[in-house]
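Chains, contacts and geometry: an overview
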Amino acid sequence: MKYFWCNINISGTMYAATLKWMSFLIYYVAIHCFIFYVDVSYIYDWYKDRLFFNMKNNSVYDYVIGSAGSILATRLLNSGYKVILIEAGGNPGYLFNIPVLTPLLLNTEYDWKYKTVPQRHACKGLKNNQSSWSAGKIVGGSSRLNFMVHVQGHDKDYSSWFSDYREHLYTISDIMHFNSQNWYSKLADGILEGISELSYSLRNINEKSGTGFMRAQLTIKNGERWSTDRIINHSYHLYKRMTIITHTLVQKVLFKSNKAVGLEFIKNNLIYKVFARKGVILSAGAIGSPKLLMLSGIGPKKHLEELKIRTVVDLPVGNHLMDHIITGLDLVTINRDEALSIIDIINPYSAIDYYLNGQGPWTSAGVDVLGTFHSNHQNVDSAPDLQIMTFPVGLSQDNGILLKQHLGIPEDVFNNYFLPLVYKTAITIAPVLLHPKSYGSVKLRSSNPLDDPIIDPNYLSNKEDVNKLIQGIEFIKKLINTKSMRKLGAEMYEKRFPGCENIQFDTTTYWECYIRHVTLSTYHPAGTCGMGRVVDANFRVYGTRNLFVVDASVFQQLPSGNINTPVVALAEKAAKILTKNLRQYRLNTCYCNIKEIFLIH
């Protein structure tokens, strides 16, 4: 609240400034009301779950499936298997399907709220040099908290390990609802016209592999978020046939010799065991799956011995952590009312349009335009190495009420750099590094399952990553100098970022300093149980029987774009292996009964 009367830049009329101030006040109240609603929803769901939980200890199922396994659950149920879905978090509330409310779910009880270790080469403008990593602790996993952007990626992203990727995309399109007819701010038109002036292709990059720019496609149906859990909830017969356990913490996989036979979990302060006829698959994501494997004795032997965990199989679990890096917050200002504003969001007509028609600003995911291209450092015959994402609202535009906390922006940095933009119109045209050369790791903090793992993405340790992001900023500079963007009054925000004040603005040295300070995650971690290193081409963990991993942790490399759609396609492939090719799968492996599969979160 203390910012409301601060630093009003009366570049327009006093009326406009007063209107914006009032919108901040209403927004502040609305935000806290919704967060209260989120907390109440969580408590209600927790008590309801505790009251009606009646699963017997040592129960036996065919398959047990984690939050990223909704696709697998659907396919296995349709094939006649007995399935249980185990989730760490709770069920979503009634209002969670409204796309524009996505940022309000971050950093709540429905989020794992991970933080990396302090970074040596990056994140210098964030609290303690740490990057905040959102991950879904809710039925539906991270597909419940993401920004719903549908990007398939480039064919060359998958050629060495997932060559039939597009085949599985076709089979999930009927259940995931990839929608390009969404609400966009007027800014999107100006940006696309400017990109066209630069002679880049305007095309649907999801129709055919390649580079180009387009309005963002989202996983939305009738104006509502369409996350993976809705595939089950939308089908009454599937929902009634599946056993779903929420608010549960899996402690470890149970083994008999090297054969996975079940799992152990904590619920209501009691320890339970559940067993499976068909085996075990981990589907807990690039952080959760390696953590669970290592707690179960599968991982680097030296690391496990240090924590006094008995080694079942010595594998490089947790290594090769990758993530898409983004930078460029509020680097551009415009003097036209073309962007998404707080006033648009709190306007009663926006609510009416949403509830009556499933349209309007409330269907916005906050991403207008995206596209991919090659930097000067990348061979044009390979997959693109840079993505541009445009956000019609900047970090500064909520007056420091919410967004800065989510990203870990310190108070003094916000006051110094972002606060002067509050009464202007700032937007973010952000470069995203698609294929970083810097790799990190996930390790256990202790043998206690309640402790978060040690996450070190090792951001920007390879100088080539910095050079490529500088190329992304050079693209932004060219874009805002096009005729279309100049009509909007687009300008580069030339205030020097705290920590880089003594460096001349708009030099290579300045932009390197800026990027190392403003280093943000896109919440796309992958690679920690990579195919060919930890699992084989059929998702089986090396050296084990009946233990599998199906999630982003098995990616050999990051896709050229947002990660949700590739994860769903991967789950579809795993489901086809389990339900259609089991006989051939069994004959092609040296272990018996590959049908034995058991999924956990």
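Preceding this section is the structure that the text describes.
My aim in this report is to walk through the structure given alongside it, one point at a time. Nothing here was measured: the structure is a model prediction, and the numbers come from that model.

1. With respect to the side chain of S134
For S134, the position within the fold is in the loop between β5 (132–133) and α4 (165–176). A distance of 3.3 Å separates polar atoms of two side chains, one belonging to S134 and the other to D111. In contact with S134, other than residues within four places in its own chain, are L106, D111, L145 and Y523.

2. Topic: the sheet that holds strand β8 (residues 218–221)
Taken together, 3 strands build an open sheet; the order of strands is β6-β8-β9 and the sheet is antiparallel. The sheet is open, and its two edges are formed by β6 (178–179) and β9 (224–225), each paired on a single side. Two elements, β8 and β9, share 2 bridges in a ladder whose sense is antiparallel. Following the sheet pairing, I220 is matched in β9 by R225.

3. Points about the sheet that holds strand β17 (residues 319–321)
One open sheet holds the 3 strands; their spatial order is β17-β23-β24, and the pairing between them is antiparallel. Since the sheet does not close on itself, it has two edges, and those belong to β17 and β24 (454–456), each with one partner. Looking at each pair of strands side by side, their axes are set apart by 35° on average, direction ignored. With 3 bridges connecting them, strand β23 (residues 440–443) and β24 associate as antiparallel partners. In the strand pairing of β24, K443 is matched with I454. Against the sheet, helix α8 (residues 285–295) touches β23 and β24, its axis set at about 50° to β23.

4. Things to note about the state of the cysteines
All chains considered together, the criterion is met by 1 disulfide. Disulfide partner of C500: C513, at an S-S distance of 2.0 Å. One disulfide, between C500 and C513, carries an S-S torsion of -90° and so falls in the left-handed class. In this pair, C500 is assigned in the loop between β25 (491–492) and α16 (508–517) and C513 in helix α16, connecting sequence segments 13 residues apart. By relative accessible area, which is 12% here, C513 ends up buried.

5. A closer look at the nonpolar core
Core analysis: the biggest nonpolar cluster contains 109 residues, and L370, F418, I429, W511 and Y514 have the highest contact counts within it. In contact with I429, other than residues within four places in its own chain, are I191, G328, V332, I388, M389, T390, I476, L479 and M485.

6. Thoughts on the packing of aromatic side chains
Summed over all chains, the structure comprises 35 aromatic pairs. A ring pair is formed by Y200 and F213, whose centres lie 5.7 Å apart and whose planes are at 75°; its orientation type is edge-to-face. Of this pair, Y200 sits in the loop between α5 (187–197) and β7 (212–215) while F213 sits in strand β7; the two residues are 13 residues apart in sequence, bridging distant segments of the chain. Look at Y200 and you get partly exposed, because its relative accessible area is 30%. Relative to F475, the ring of F213 lies with its centre 5.6 Å away and its plane at 5°, an arrangement referred to as stacked. With F213 in strand β7 and F475 in helix α14 (residues 463–480), the pair connects residues that are 262 residues apart, well separated along the chain. The class of F213 is buried, set by a relative accessible area of 1%. With a relative accessible area of 3%, F475 lands in the buried category. Counting every residue linked through ring pairs, the aromatic cluster contains F414, Y417, F418, Y493, F497, F505, Y510, W511 and Y514. Taking the ring centre of F53 as reference, the NZ or CZ of K267 above it sits at 4.9 Å.

Here is what the cut-offs are and how they apply
- Residues numbered from 1 in each chain as written.
- Predicted model: local features only at pLDDT ≥ 70, side-chain atom pairs only at ≥ 80, totals over all residues.
- Heavy atoms only, no water.
- Helix = DSSP H or I, 4+ residues; strand = E, 2+ residues; numbered from the N terminus.
- Polar contact = N/O pair within 3.5 Å; in protein donor to acceptor, adjacent residues only side chain to side chain.
- Contact = heavy atoms within 4.5 Å.
- Pairing = 2+ DSSP bridges.
- Axes fitted to C-alpha atoms, helices over the stretch in contact; angles between N-to-C directions.
- Disulfide = S-S within 2.5 Å.
- Buried < 20%, exposed > 50% of the residue type's maximum accessible area, 1.4 Å probe, protein only.
- Core = buried A, V, L, I, M, F, W, Y, C linked by side-chain atoms within 4.5 Å.
- Phe/Tyr/Trp six-rings, centres within 6.5 Å; stacked < 30°, edge-to-face > 60°.
- Lys NZ or Arg CZ within 6 Å of the ring centre and 35° of its normal.

Geometric values such as these leave the question of function open.
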